[in-house]
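Residue-level listing of the chains:
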Amino acid sequence: MSSMEELLAGWNEKFRPHADGAQLPPHHPHCLACGPDNPHGHHLTVHRRGEEVHATHVFDERHVGAPGIAHGGAVATVFDDLFGFLLYLTGGPAVTRKLEVLYDSPVILGTTYDLAARVTRTEGRKLFMEADMKQLGGSRVASASALFLSVDVTHFNQGMPR
Ligand SMILES: CCCCCCCCCC(=O)SCCNC(=O)CCNC(=O)[C@H](O)C(C)(C)COP(=O)(O)OP(=O)(O)OC[C@H]1O[C@@H](n2cnc3c(N)ncnc32)[C@H](O)[C@@H]1OP(=O)(O)O
């Protein structure tokens, strides 16, 4: 099966309505942040909670920047992908046009963090989103905002081998 066929095979299943509390499907098996088959990935597991999506995550040595501290790009990867799970609530594919991350304090390897994301506004094809990352039951360590733009499936042809 080609990569495009693999992506499309699960499309209807991905974008069907998902019940409150349900675990949401990975974007695809090799996705850097949520793909279960990517050995370098974050293996994010994400659930719907009302109109938000939630995950817990532990960064490890694969995500290191300064010793013992997660790389800022790894933190951004997780936010970007978490925003991608909101698409299962909005009902169709979209891609990141703009991503901004505010780093409040170091994200420590081996520590469990709570993440939550939500759509704050839609305007035509534009989806405005916000997210935060907190210590378990504690203070915020980072937040993010993003603009995603809805696309149709032909967008993903651009990544297919010629
Ligand atoms: C299974 C589902 C897969 C989901 C995977 C999720 C994984 C996590 C998310 C990702 O990592 S996605 C990968 C990273 N992103 C990309 O690769 C996107 C690369 N960029 C593009 O392909 C195009 O730039 C894009 C499709 C986003 C937009 O191109 P378009 O030509 O379709 O849109 P255009 O530039 O004309 O802008 C559309 C509208 O947005 C507006 N816009 C664009 N940039 C803006 C901006 N920065 N701020 C405000 N508005 C903005 C723009 O003015 C316009 O407004 P109007 O419709 O009102 O005229």
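Residues numbered from 1 in each chain as written. Predicted model: local features only at pLDDT ≥ 70, side-chain atom pairs only at ≥ 80, totals over all residues. Heavy atoms only, no water.

**Here's the deal with the sheet that holds strand β5 (residues 126-135)**
Move 1: Read from one edge of the open sheet, six strands run β1-β2-β4-β5-β6-β3, paired in antiparallel fashion. Since the sheet does not close on itself, it has two edges, and those belong to β1 (46-49) and β3 (94-103), each with one partner. Taken pair by pair, the neighbouring strands of this sheet meet at an average axis angle of 25°, ignoring direction.
Move 2: Of the pairings in the sheet, the one linking β5 to strand β6 (residues 140-150) comprises nine bridges and is antiparallel in character. Along β6, the bridge assignment pairs E130 with S145.
Move 3: Those strands touched by helix α3 (residues 72-85) are β1, β2 (52-58), β3, β4 (112-123), β5 and β6, and its axis lies near 135° from that of β3. (Pairing = 2+ DSSP bridges. Helix = DSSP H or I, 4+ residues; strand = E, 2+ residues; numbered from the N terminus. Axes fitted to C-alpha atoms, helices over the stretch in contact; angles between N-to-C directions. Contact = heavy atoms within 4.5 Å.)

**A short note on the UniProt feature "domain: Thioesterase" (unreviewed entry) in the protein chain**
Move 1: Sequence positions flagged by UniProt for "domain: Thioesterase" (unreviewed entry) are, in local numbering, residues 68-140.
Move 2: With 25% helix and 45% strand, the stretch residues 68-140 has end C-alpha atoms that lie 18 Å from each other. (UniProt positions renumbered as here; feature names shortened; annotations may be inferred.)

**Remarks on the pairing of β1**
Within a regular strand, side chains alternate between the sheet's two faces.
Move 1: Side-chain alternation along β1 places V46 and R48 on a buried face and H47 and R49 on a face that remains uncovered.
Move 2: Here β1 pairs with β2 via four bridges, running antiparallel. Across the sheet, the residue bridging to H47 is H54, located in β2.
Move 3: Connecting the antiparallel pair β1 and β2 is a turn made up of two residues, with G50 showing a positive phi of about 60°. (Buried < 20%, exposed > 50% of the residue type's maximum accessible area, 1.4 Å probe, protein only.)

**Comments concerning the site of the ligand**
Move 1: The immediate surroundings of the ligand are formed by 14 residues, with D80, T96, R97, R125 and H155 found nearest.
Move 2: Note that an oxygen atom of the ligand is positioned 2.9 Å from one of the side-chain N or O atoms of D80.
Move 3: Computed on the free molecule, the ligand has an accessible area of 1,200 Å², of which 55% lies beneath the protein chains in the complex.
Move 4: Secondary-structure elements contributing two or more residues to the shell around the ligand are α3, β3 and β6.
Move 5: For the shell around the ligand, a count of residues per class yields seven nonpolar, two polar and five charged. (Near = heavy atom within 4 Å. Polar contact = N/O pair within 3.5 Å; in protein donor to acceptor, adjacent residues only side chain to side chain. Areas by Shrake-Rupley, 256 points an atom, 1.4 Å probe, with all protein chains shown as cover. Nonpolar A, V, L, I, M, F, W, Y, C, P; charged D, E, K, R; others polar.)

**Some thoughts on the pairing of β2**
Move 1: As judged from the seven bridges shared by β2 and β4, these two strands associate in the antiparallel manner. Paired with A55 across the bridge in β4 is L115.

**Focus on the packing of aromatic side chains**
Two descriptors summarise a pair of aromatic rings, namely the distance from one centre to the other and the angle between the planes of the rings.
Move 1: All told, the structure shown has three aromatic pairs when counted by the stated rule.
Move 2: Arranged with centres 6.3 Å apart and planes meeting at 65°, the rings of F83 and F148 form a pair that is edge-to-face. Of this pair, F83 sits in helix α3 while F148 sits in strand β6, and the two are 65 residues apart along the sequence. Residues F83 and F148 agree in their burial class; the two are buried.
Move 3: These aromatic residues form a ring-pair network of at least three members: F15, F85 and Y88.
Move 4: Geometry around F128 places R121 over its ring, the cationic atom sitting 4.0 Å from the centre. (Phe/Tyr/Trp six-rings, centres within 6.5 Å; stacked < 30°, edge-to-face > 60°. Lys NZ or Arg CZ within 6 Å of the ring centre and 35° of its normal.)

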